[in-house]
Amino acid sequence: QVQLVESGGGLVQAGGSLRLSCAASGRTFSSYTMGWFRQAPGKEREFVAAIRGSGSSTDYADSVKGRFTISRDNAKNTVDLQMNSLKPEDTAVYYCAARGGYVAVVLASTWDYWGQGTQVTVSS
């Protein structure tokens, strides 16, 4: 069982930056693939980024590639999402997620554990 708690959301102007953090419980954090998803009002939850348990590889949605960076600290049981050059279309509730394996990470249905979400609002 893994419990996830996100923090760091807020209101920012377009072009600004935010850093989201997710703290995970449990002693086997490094065995989990970690990811971030987001959900805007009236839309389905969509993949943002994922990182392997070792941190050796990452994947990003095309819409955030080059602007967002996912990282993890296995000693602290945390995973972060650095978001730069934010756009109004990045406005959503952002969710931290955890799972085993690294197949089909873009599919929300393949993830096992979810945080409660944190709101990110980007004003134009």
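## Considerations on the side chain of Arg67
Along the chain, Arg67 falls in the loop between β6 (58–60) and β7 (68–73). Of the residues examined, Arg67 reaches a relative accessible area of 11% and is grouped as buried. Side-chain polar atoms of Arg67 contact the backbone oxygen of Ser63, separated by 2.8 Å. A polar atom in the side chain of Arg67 sits 3.0 Å from the backbone oxygen of Ser85. In this structure Arg67 touches Gln82, Met83, Asn84, Ser85, Leu86, Lys87 and Asp90, once residues within four positions along its chain are discounted.

## Concerning the state of the cysteines
Counted under the stated rule, the structure contains one disulfide. Between the sulfur atoms of Cys22 and its disulfide mate Cys96 the distance is 2.1 Å. Because the sign of the S-S torsion sets the handedness, a value of about -80 degrees for the bond joining Cys22 and Cys96 places this disulfide among the left-handed ones. Highlighted residues: Cys22 in strand β3 (residues 18–24) and Cys96 in strand β9 (residues 92–99), separated in sequence by 74 residues. Each member of the pair Cys22 and Cys96 is classed as buried.

## What about the sheet that holds strand β1 (residues 4–7)?
Taken in spatial order, the four strands of this open sheet run β1-β3-β8-β7, and their pairing is antiparallel. Strands with a single pairing partner mark the edges of an open sheet, and in this sheet they are β1 and β7. Each strand axis lies, on average, 15 degrees off the axis of its neighbour in the sheet, ignoring direction. Bridging between β7 and strand β8 (residues 78–83) involves six bridges; their strand directions are antiparallel.

Definitions and limits used
Residues numbered from 1 in each chain as written. Predicted model: local features only at pLDDT ≥ 70, side-chain atom pairs only at ≥ 80, totals over all residues. Heavy atoms only, no water. Helix = DSSP H or I, 4+ residues; strand = E, 2+ residues; numbered from the N terminus. Buried < 20%, exposed > 50% of the residue type's maximum accessible area, 1.4 Å probe, protein only. Polar contact = N/O pair within 3.5 Å; in protein donor to acceptor, adjacent residues only side chain to side chain. Contact = heavy atoms within 4.5 Å. Disulfide = S-S within 2.5 Å. Pairing = 2+ DSSP bridges. Axes fitted to C-alpha atoms, helices over the stretch in contact; angles between N-to-C directions.

Interpretation note: all reported values are geometric properties and have no functional meaning in isolation.
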